Amino acid sequence: MKFPSSLLSLTRFLLLLPFFSSAWLDFSVATNTQPQPQYHDLLHCLCSQEDAICNLIYTAQNSTAYASVLQFSIRNPRFSNNNASSSSSRTKPIAIVTPTTIPQVQSTVLCSRKHGLHLRVRSGGHDFEGASYASLSSPFVLLDLVNLRSVTVDVPSKSAWAQSGAVLAEVYHSIASASRTLAFPAGLCPTVGLGGHISGGGYGTTLRKFGMAADNIRDALLVDADGRVLDRAAMGEDVFWAIRGGGGNTYGIVVSWKLKLVRVPLRLSAFTVSRTASSDAEMTKLVDRYQRVTDKLPDDLMILVMIGAVDQVQAAFQVMYLGGKERLLRVMNESFPELGLKEEDCKEMSWIESVLHFANYPSNSTRTDSPISFAKLKAKSDYVGTPLPESALQGIWSRVHQVEAGAALLHLIPHGGMMSRISDSSTPYPYRAGTVYKIQYYVAWSGEQKEVEERHLGWIRKLHEFLTPFVSKNPRGAYANSRDLDLGMNDPTGETSYEQARVWGEQYFKHNFERLARVKAAIDPSNFFRNEQSVPPLSM
């Protein structure tokens, strides 16, 4: 595979390549070809509920569409093709159910549980470790929410009901079609599924002004392990708290969310400027200054940085300001003159145009997929509370120059602003006051050879290990939506204890992990909803 030759191309390649439809690829699927014992019982149970659902079930035995339905929203080829690398150790679903109604979701839950089948839930397929559609245990059923994607906007109440299968592009488009001054504070990638995004927290370019996606939810509809449909009042405040950032496929299936919409100006400033330093030392000075001011800027201003190496270390600064460029230039010249921002760098546009800009889509685009090249991907995350010393930055630069890095990228996501004023127990996401920025690490590669994969995995793991002394501690932080199975996994049998799960759980949720485990025990004591890093039940 030919990798990009500029940082902006590398940025698009790395940040968007796992987020586009794998229907463009011709993958062979690693799945069991022989029916499991419960297979026929499941089909009979579901079809006895209503005839319509029979046409929404795909299996390797009875449907030629099984492979394409499975692959449609697999965003990381590591877990899709049948080869000698890590994907061969994952089990694919014995059946895929694509409900079009909430009662069909209820039937799928009840029939799967009745016949002893594990259930996985997929909204957009963006799980970095493939946990929403592949499993280390078997057999299991995949409930794909691809057909549950309606969005209904109510402008007077500044709210919207959106189903979990809707991708962010559909949510944004629906809101912008209803109002030019309302928005929802969520992610940059347009093909991320809403359900998984909110379940892990969800952040975007207005994080410092409005908080996370999970901070802006008013209500939800949850199908629990008993097949009941529960709204906020029925599920109770503890469960409602847990589903907003406590991880997906754990407490039930959230089929719909009531979004709190926020007010944005008709025109705002959104653009990307790239900087290539003449030396690593020069880049160190620029990034060092950035990390000392980024969390202290006005709430209306957010600057994300993407760092990679194409011959030299390069940085792309993504700037989002909820105001005009004249005021922005004054703020930048006062707070961050080292960036050298000029008037011609600044672009004004509407909020929906900014969504397309940061997704690298044409300004008139309505697409939610793209035939962009695929590569396999591994991601990790960290949180920084004290600016990294220059020695740490220099160590990063030396490592991104290494051949083993391949196509590698670091993404710096600033906190501060509203994030510092929201309690660290308001939702399960705990990284609030005291967090300067989050680091997202990516490395991508092509090829089927296991040694190629191991080389790239080794590189990102060594970089992560190198930064241990400089990032958050006790526990070292990680972001739930950047799932990383290197941190630890549940037992495939579902028998993982709370103490075992604390190893990874407290890295994602810190002190909130115990409350999540007690909520789990109340809403799903049998641990029906589970995956490699779902929260296990902790009884009183």
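Looking up the protein in an unreviewed UniProt entry gives the name FAD-binding PCMH-type domain-containing protein, with the organism given as Linum tenue. The record in UniProt for the protein states the following under Sequence similarities (unreviewed entry): "Belongs to the oxygen-dependent FAD-linked oxidoreductase family." Recorded under Cofactor (unreviewed entry), the UniProt text for the protein is reproduced unchanged: "FAD".

Asker: How should I be thinking about helix α15 (residues 450–466) in this particular structure?
Answerer: Along an α-helix, a turn takes 3.6 residues, which lines up residues three or four apart on a common side. Between its first and last C-alpha atoms α15 spans 24 Å; for 17 residues at 1.5 Å apiece the expected length is 24 Å, and the two agree. Within α15 the residues assigned to the buried category are Val452, Glu453, His456, Leu457, Trp459, Ile460, Leu463 and His464. Each buried residue of α15 lies within a common arc of 150° when the element is viewed along its axis, so the set occupies one face. Within α15, the exposed residues directed more than 90 degrees away from the buried face are Glu451, Lys462 and Glu465. Residues of α15 that are buried make contact with β16 (376–384), α13 (390–400), β17 (407–414) and β18 (437–445).

Asker: Could you clarify how one ought to interpret empty space enclosed by the protein in this entry?
Answerer: Left-over empty space is what a probe sized like a water molecule reveals as it rolls over the atoms. Applying the stated rule across the entire model yields six cavities of 30 Å³ or more. Taken as a whole, the second largest cavity spans an internal volume of roughly 120 Å³. Lining the second largest cavity are 18 residues; nearest its centre among them are Ala186, Gly187, Thr205, Trp351 and Val355. Examining the composition of the lining of the second largest cavity, we find that four residues originate from one element, helix α12 (residues 351–358), more than from any other. Class assignment for the residues of the lining of the second largest cavity results in 13 nonpolar, five polar and no charged.

Asker: Looking at this model, I keep getting lost on the sheet that holds strand β8 (residues 217–223). Mind explaining?
Answerer: Strand order in the open sheet made by the five strands is β5-β6-β10-β8-β9, with antiparallel pairing throughout. Edge positions in the open sheet fall to β5 (151–154) and β9 (229–230), since each of these has one partner strand only. One ladder, built from four bridges, connects β5 with strand β6 (residues 159–163); its direction is antiparallel. Counted as the bridge partner of Thr152 is Trp161 from β6. Along the sheet face, helix α5 (residues 168–178) touches β5, β6 and β10 (253–260) and points at about 35° away from the line of β5.

Asker: How do you make sense of the state of the cysteines when you look at a structure like this?
Answerer: Simply put, disulfide is the name for a covalent bond between the sulfur atoms of two cysteines. One pass over the structure, following the stated rule, counts two disulfides. The side chain of Cys45 participates in a disulfide bridge whose partner is Cys111; the two sulfur atoms lie 2.1 Å from each other. Of note, the bridge from Cys45 to Cys111 carries an S-S torsion of about -80° and is left-handed in sense. Residue Cys45 is located in helix α2 (residues 39–49), and its partner Cys111 is located in helix α4 (residues 102–114); the two are separated by 66 residues in the primary sequence. Residue classification places Cys111 among the buried positions, given a relative accessible area of 1%. There is a disulfide in this structure between Cys47 and Cys54, and the S-S distance comes to 2.0 Å. Of the residues examined, Cys47 reaches a relative accessible area of 25% and is grouped as partly exposed. With a relative accessible area of 29%, Cys54 lands in the partly exposed category. With cysteine numbering restricted to those in disulfides and following the sequence, the protein has the pairing 1-4, 2-3.

Reading guide: rules and limits
Residues numbered from 1 in each chain as written. Predicted model: local features only at pLDDT ≥ 70, side-chain atom pairs only at ≥ 80, totals over all residues. Heavy atoms only, no water. UniProt positions renumbered as here; feature names shortened; annotations may be inferred. Helix = DSSP H or I, 4+ residues; strand = E, 2+ residues; numbered from the N terminus. Expected span 1.5 Å × (residues − 1). Buried < 20%, exposed > 50% of the residue type's maximum accessible area, 1.4 Å probe, protein only. Arc of directions from axis to C-beta. Contact = heavy atoms within 4.5 Å. 1 Å grid on protein atoms, 1.4 Å probe; cavity = no way out; pocket = protein on both sides within 12 Å on 5 of 7 lines; lining within 4 Å. Points joined across faces, edges and corners; volume = space filled by probe spheres on them. Nonpolar A, V, L, I, M, F, W, Y, C, P; charged D, E, K, R; others polar. Pairing = 2+ DSSP bridges. Axes fitted to C-alpha atoms, helices over the stretch in contact; angles between N-to-C directions. Disulfide = S-S within 2.5 Å.

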